[in-house]
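Analysis of the macromolecular model
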Amino acid sequence: MIAANIISPSLTIPALENGDKLSRAEFERRYQPMPDVKKAELIEGIVYMASPVRAKRHGKPHARIMGWLGTYEAATPGVEVLDNTTVRLDLDNEPQPDALLRIETGGHSRISEDDYVEGAPELIVEIAASTASYDLHQKFNVYRRNGVQEYLVWRVYDCQFDWFRLNEGEYIQLEANADGVICSQVFPGLWLDKTALLAGNLAKVLAVLQAGLSTVEHQEFVKRMSA
């Protein structure tokens, strides 16, 4: 009896392409074997792949946001800031926001066994080119629908910074107070001097944040997070 030589055909995973229409499972299957791709997102079932990142139009604003959020995290046990981390929101949406801030225990998101964020972080920040960016259109609706409580968009070309708060299922824009400071309604003490940020004055941004961290509201929040 002659044994038959059975050769299984090799299975090739298609490369991820900008504009692909995929399920979340297929998006992950194609994304994981592509370590050279630094950022790809699934928004409403469509793949978006980022262009190379420019220094002053994205890298520097991103660094300033991370410095601001990282300082808040250092002073606030129980919250976590993450940089460019994949978030599984629903079956058609898996964004990779520039920055996020989440409540670690008792919040609306969790870290999965395979080390992704699942569910809606309390706060997301995106560095956008302008009002034409999908950050203010497709992503705006996705984050709103999935319950992201606060959504911040830095429109670099427009020299504008938008801070939205979820209210009865809709995003409303938060305005600065009489001192020119925007105060988070979800994270007590997270204060931002928008004018200083846009002017590149990180020292003042952090000084204003320190003032927020010194408030009674922040101290009480820390106690609740530590309980």
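A word on the sheet that holds strand β9 (residues 150-155)
- Ordered in space as β3-β5-β8-β9-β10-β11, the six strands form an open sheet in which the pairing is mixed. One side of each edge strand has no neighbouring strand; the edge strands of this open sheet are β3 (79-83) and β11 (170-173). Here the average twist between neighbouring strands, direction ignored, is 20°.
- Here strand β8 (residues 123-128) runs beside β9; their pairing, made up of six bridges, is parallel.

Some points on the confidence of the model for the protein
- Of all residues in the protein, 94% attain a pLDDT of 70 or more, and the chain-wide mean is 91.
- Throughout residues 1-10 the model reports pLDDT below 50, and contacts reaching past four residues in sequence, or to other chains, amount to zero contacts.

Some remarks on the pattern of salt bridges
- Counting across every chain of the model gives 17 salt bridges.
- One salt bridge connects Asp-20 with Arg-30, and the closest N-O pair in it is separated by 3.5 Å. Placement of the pair is Asp-20 in the segment before α1 (24-31) and Arg-30 in helix α1, with a sequence separation of ten residues. The two residues Asp-20 and Arg-30 agree in class, both being buried.
- Ionic pairing is found between Arg-145 and Asp-90, a salt bridge with its closest N-O pair at 3.9 Å. With Arg-145 in helix α3 (residues 138-145) and Asp-90 in the loop between β4 (87-88) and β5 (99-103), this pair connects stretches of sequence that are 55 residues apart.
- When salt bridges with common partners are traced through the structure, they connect Glu-28, Arg-88, Arg-110, Asp-114 and Glu-118 into a single cluster.

What to know about the packing of aromatic side chains
- In total, this model carries twelve aromatic pairs according to the counting rule given.
- Note on Phe-27 and Tyr-31: the rings are 5.4 Å apart at their centroids and 55° apart in plane angle, and the pair reads as tilted. Remark: Tyr-31 and Phe-27 occur in helix α1; sequence separation between them is four residues, near one turn of the helix. For the pair Phe-27 and Tyr-31, one class covers both residues: buried.
- With centroids separated by 6.0 Å and ring planes inclined at 80°, the aromatic side chains of Trp-68 and Trp-163 adopt a geometry described as edge-to-face.

Description of the nonpolar core
- Residues Ile-65, Trp-68, Trp-163, Phe-187 and Leu-190 are the most contacted members of the largest nonpolar core, which totals 30 residues.
- Secondary structure elements with two or more residues in this core: α2 (55-74), β3, β5, β8, β9, β10 (160-167), α4 (194-198) and α5 (202-213).
- The element best represented in this core is α2, accounting for five residues.
- Counting 19 residues, the second-largest nonpolar core is a separate cluster that includes Val-87, Ala-128, Val-148 and Val-153.

Some words on the packing of α2 against α5
- Between α2 and α5, the shortest axis-to-axis distance is 10 Å and the interhelical angle comes to 25°. Taken together, the axes of α2 and α5 are roughly parallel relative to one another. Both α2 and α5 take part in a crossing whose hand is right-handed. Contact residues: Arg-64, Gly-67, Trp-68, Thr-71 and Tyr-72 in α2; Leu-202, Val-205, Leu-206, Leu-209, Gln-210 and Leu-213 in α5.
- In the contact of α2 with α5, the residues fall into seven nonpolar, three polar and one charged.

The rules behind the values
Residues numbered from 1 in each chain as written. Predicted model: local features only at pLDDT ≥ 70, side-chain atom pairs only at ≥ 80, totals over all residues. Heavy atoms only, no water. Pairing = 2+ DSSP bridges. Helix = DSSP H or I, 4+ residues; strand = E, 2+ residues; numbered from the N terminus. Axes fitted to C-alpha atoms, helices over the stretch in contact; angles between N-to-C directions. pLDDT = per-residue confidence, 0-100. Contact = heavy atoms within 4.5 Å. Salt bridge = Lys/Arg side-chain N within 4 Å of Asp/Glu carboxyl O. Buried < 20%, exposed > 50% of the residue type's maximum accessible area, 1.4 Å probe, protein only. Phe/Tyr/Trp six-rings, centres within 6.5 Å; stacked < 30°, edge-to-face > 60°. Core = buried A, V, L, I, M, F, W, Y, C linked by side-chain atoms within 4.5 Å. Parallel < 35°, antiparallel > 145°, perpendicular 65-115°, else oblique. Left-handed = near helix turned anticlockwise from the far one by under 90°. Nonpolar A, V, L, I, M, F, W, Y, C, P; charged D, E, K, R; others polar.

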